[in-house]
Amino acid sequence: SAVISQKPSRDICQRGTSLTIQCQVDSQVTMMFWYRQQPGQSLTLIATANQGSEATYESGFVIDKFPISRPNLTFSTLTVSNMSPEDSSIYLCSVGDWREQYFGPGTRLTVT
Amino acid sequence: QQQVKQSPQSLIVQKGGISIINCAYENTAFDYFPWYQQFPGKGPALLIAIRPDVSEKKEGRFTISFNKSAKQFSLHIMDSQPGDSATYFCAASMKRNRDDKIIFGKGTRLHILP
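Residues numbered from 1 in each chain as written. Chains lettered and ligands numbered in written order. Predicted model: local features only at pLDDT ≥ 70, side-chain atom pairs only at ≥ 80, totals over all residues. Heavy atoms only, no water.

1. Digging into the overall build of chain A
Then comes step 1: A count of helical and extended segments in chain A gives zero helices and 11 strands.
Then comes step 2: The linear arrangement of helices and strands in chain A, starting from the amino end, is β-β-β-β-β-β-β-β-β-β-β.
Then comes step 3: Expected size for 112 residues packed as a compact globule is a radius of gyration near 13 Å; at 13 Å, chain A falls within 12% of this value.
Then comes step 4: The burial tally for chain A puts 49% of its 112 residues in the buried class.
Then comes step 5: Residue pairs in contact within chain A that sit at least 24 positions apart in sequence constitute 52% of those at least 6 positions apart.
Then comes step 6: Element-wise, carbon and sulfur atoms account for 47% of the exposed surface of chain A, whose accessible area totals about 5,200 Å². (Helix = DSSP H or I, 4+ residues; strand = E, 2+ residues; numbered from the N terminus. Rg over C-alpha atoms; globule rule 2.2 N^0.38 Å. Buried < 20%, exposed > 50% of the residue type's maximum accessible area, 1.4 Å probe, protein only. Contact = heavy atoms within 4.5 Å. Areas by Shrake-Rupley, 256 points an atom, 1.4 Å probe, with all protein chains shown as cover.)

2. Some details on the interface of chain A and chain B
Then comes step 1: Contact with chain A, which involves 22 residues of that partner, is made by 25 residues of chain B.
Then comes step 2: Around 1,900 Å² of area is buried between chain A and chain B when both sides are counted, 52% of it from carbon and sulfur atoms.
Then comes step 3: Along the contact surface separating chain A from chain B lie four residue pairs in polar contact (both at pLDDT 80 or more).
Then comes step 4: Listing elements by their share of the side of chain A that touches chain B, those giving two or more residues are strand S4 (31-37), strand S5 (43-50) and strand S10 (101-103) of chain A.
Then comes step 5: For the side of chain A that touches chain B, the leading source of residues is S4(A), giving four residues. (Buried area = accessible area lost by both parts, 1.4 Å probe. Polar contact = N/O pair within 3.5 Å; in protein donor to acceptor, adjacent residues only side chain to side chain.)

3. Topic: the sheet that holds strand S1 (residues 4-7) of chain A
Pairing between the strands of a sheet comes from backbone hydrogen bonds, and it takes one of two forms, parallel or antiparallel.
Residues and elements named next belong to chain A.
Then comes step 1: Ordered by their spatial adjacency, four strands build an open sheet running S1-S3-S8-S7, and the pairing between neighbours is antiparallel. Strands at the two margins of the open sheet, each flanked by one partner only, are S1 and strand S7 (68-72). Going across the sheet, the axis of each strand differs from the next one's by a mean of 15 degrees, ignoring polarity.
Then comes step 2: Where S1 and strand S3 (residues 19-25) come together, four bridges link them in antiparallel fashion. Among the inter-strand pairings, Ile 4 is bridged to a residue of S3, identified as Val 25. (Pairing = 2+ DSSP bridges. Axes fitted to C-alpha atoms, helices over the stretch in contact; angles between N-to-C directions.)

4. Some points on a nonpolar patch on the surface
Then comes step 1: There is a patch of nonpolar side chains on the surface, built from Ile18(B), Ile20(B) and Met78(B) and spanning about 250 Å² of accessible area.
Then comes step 2: Mapped onto the elements of the fold, Ile20(B) is located in strand S3 (residues 19-25). (Patch = residues over 30% accessible without salt bridge, like charges linked within 9 Å, V, L, I, M, F, W, Y side chains within 5 Å. Salt bridge = Lys/Arg side-chain N within 4 Å of Asp/Glu carboxyl O.)

Here it is as structure tokens:
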């Protein structure tokens, strides 16, 4: 299984600002996923990021709010733009495929 | 139709007992059913998984039982230990045309009493 790191591990941000979360994998992977997990809740897929193509966003998530970059096979970023308190959540990246996914430790975001 | 319903929301079991978590799905296009274990402050970790052509899969103290006709599956943790205390998520996945899709249940917070 891949080793995945995320930066930052946590942050407190003011409303209206943006935060970029980094996800680094120790091996080359085709597919990377970004999830949101609100406290005590389940995981909701934000988007799927394949290297060399535009990210595919799930219903309810838009590129203007959550732009994603995937510059190579080991790295991706998720930006949370124009933040509001409703964006307070844990953001997780994962790698894998439709059968099995491996998750990073998450980024805990608090918007004040 | 894309939901995975998980129960109970929370569960308390005595050490040495059997923990049982249940999940149900509607979409028959799902063809892989993993379980994830998440400790506080960590990302979910794949625990065990099953395909719908198998009725049971066992790995150590963890067993998945799968009922295809009822569209239900469950996780059994035998001889539950305090170290098993975590949140467990069932999931259902399928391969789509361009991208993969996995749907998670809402999670079960399991606490094993010492």
